[in-house]
Amino acid sequence: MTAASHTQTQAPRDNLKLAVSVILVTVLTLSLNDALIKWVSTDLVLWQIFVLRSLFAVPLLLIILRVRFRRTPLRPRALGWTAARSLMLVFMWVAYYASLPHLQLSIAAASYYTLPIFITLFAALFAGERVGALGWLAVGLGFGGVGLVLKPTAGDFNLYALLPLLSAMLYALAMILTRTKCRDEHPLILSGALNLAFIAVGGIATLAGGITGGFSGTASASSFLSMAWAPMAGGEVLAILLLTLAVLVASIGTAVAYQSGPSSVVATFDFAYVGFAVIWGFVFFAEVPDGMSLIGIALIVVAGVIAVRK
């Protein structure tokens, strides 16, 4: 084998700075996305949000691909793995949002933010990544920081808390697939596949619920997953447009980050979501973090630094 052919068969080089920068922007966007979904959850239905925002997102992705990346095939190279990744991410959000009517948000979020532990574990088991003592220390510090920020109490735990754990495992597996099976896919193609999966699942759920005969009144927290689509005014339309931009940035950014850096390192920076969530909580819901929350955010930052230097 010649040197040239050997170079062509090598796996793409990691770009840790790019991966970390992109995942931070991504979790910033995701935290804003979730704040907006919480904001409109009493007015719209989850399936309605899934379908409408992705119906806006898919044409935008096609325009970008045709104008900027004309030579990129629209069909994923690994169609099966891309479809599996997309469905895992869709059902990740379904599981997480299904838990919210039955749990305090702090319990749901604390359960969900075990995901870096699952990513680190799955990366070691399935991707052959060497984590090491410092890597596990970073995950432990980050998870401890999340606990300080969210302050969940054992008395609030119930079986519905298993749904955010399921969500965390689905996300972890999807990111391992991104790293191992979908690393050569164009990020815009992965984003497009995810948005098509949102449309498909949202449409099927709407039809399966027998709720296609018209619009209902106003949604409620308990009907977020089950009621008919709600009528939309200017505020809801604006929210859908903002959610469209958020899902585009998040779906593309997640693909880029986990294609560009080791899963166990990138996953540690997912903890930054908590710090951003504190900011959006103050902006949207007038929630002010206390001293323990600030200590928790500091631990999350330290965990990120250790992850990069390990």
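Reading guide: rules and limits
- Residues numbered from 1 in each chain as written.
- Predicted model: local features only at pLDDT ≥ 70, side-chain atom pairs only at ≥ 80, totals over all residues.
- Heavy atoms only, no water.
- Helix = DSSP H or I, 4+ residues; strand = E, 2+ residues; numbered from the N terminus.
- Buried < 20%, exposed > 50% of the residue type's maximum accessible area, 1.4 Å probe, protein only.
- Contact = heavy atoms within 4.5 Å.
- Areas by Shrake-Rupley, 256 points an atom, 1.4 Å probe, with all protein chains shown as cover.
- Patch = residues over 30% accessible without salt bridge, like charges linked within 9 Å, V, L, I, M, F, W, Y side chains within 5 Å.
- Salt bridge = Lys/Arg side-chain N within 4 Å of Asp/Glu carboxyl O.
- Phe/Tyr/Trp six-rings, centres within 6.5 Å; stacked < 30°, edge-to-face > 60°.
- Lys NZ or Arg CZ within 6 Å of the ring centre and 35° of its normal.
- pLDDT = per-residue confidence, 0-100.

How should I be thinking about the overall build of the protein chain in this particular structure?
Assigned secondary structure in the protein chain consists of 13 helices and zero strands. Residue burial in the protein chain is summarised as follows: out of 310 residues, 50% are buried. In the protein chain, of all internal contacts separated by at least 6 residues, the share reaching a separation of at least 24 is 87%. Working note: accessible area of the protein chain is about 14500 Å², and carbon and sulfur atoms make up 70% of it.

For this particular structure, what's the right way to read the environment of Leu177?
Turning to its location among the elements, Leu177 is positioned in helix 8 (residues 162-180). With 92 residues separating them along the chain, Leu177 and Arg85 place their C-alpha atoms 6.5 Å apart. Leu177 has contacts with Trp81, Ala84, Arg85, Met88 and Cys182, leaving out every residue within four places of it along the chain.

When you look at a nonpolar patch on the surface in this model, what are you seeing that I'm missing?
Side chains of Ile117, Leu121, Leu125, Phe126, Trp136 and Phe143 sit close together on the surface and give an oily, nonpolar patch of about 570 Å² of accessible area. Those elements that provide at least two residues to the nonpolar patch are helix 6 (115-126) and helix 7 (132-150). The leading source of residues in the nonpolar patch is helix 6, at four residues. Here Phe143 is to be found in helix 7. Exposure remark for Phe143: the relative accessible area of 32% places this residue in the partly exposed category.

Is there a simple way to think about the side chain of Thr29 in this case?
Positionally, Thr29 belongs in helix 2 (residues 16-40). For Thr29, a relative accessible area of 13% translates into the label buried. Residues contacting Thr29, with those up to four places away along its chain left out, are Ala246, Val249 and Ala250.

Quick question: what am I supposed to make of the packing of aromatic side chains here?
One pair of aromatic rings is described through two measures. These are the centre distance and the angle between the planes. Inspection of every chain in the model, using the stated rule, returns five aromatic pairs. Pairing Trp47 with Phe50 gives two aromatic rings, centres 5.9 Å apart and planes at 80 degrees, and the pair type is edge-to-face. Placement of both Trp47 and Phe50 in helix 3 (residues 46-68) is noted, with a separation of three residues, approximately one turn of the helix. Judged by centre distance (6.5 Å) and plane angle (85 degrees), the rings of Tyr171 and Tyr258 are edge-to-face. With Tyr171 in helix 8 and Tyr258 in helix 10 (residues 234-260), this pair connects stretches of sequence that are 87 residues apart. By the ring-pair criterion, three or more aromatic residues cluster together here, those being Trp47, Phe50 and Phe198. One cation-aromatic arrangement involves Arg53 over Phe198; the distance from NZ or CZ to the ring centre is 4.8 Å.

Is there a simple way to explain the confidence of the model for the protein chain in this structure?
Should the pLDDT be low somewhere, the predicted coordinates at that spot are not to be read in detail. With 83% of its residues at a pLDDT of at least 70, the protein chain reaches an overall mean of 79. Summarising per-element confidence for the protein chain, the mean pLDDT is lowest in helix 1 (residues 3-9) (45) and highest in helix 9 (residues 187-208) (91). Counting interchain partners and residues more than four positions distant, the pLDDT-below-50 stretch residues 211-222 has 32 contacts.

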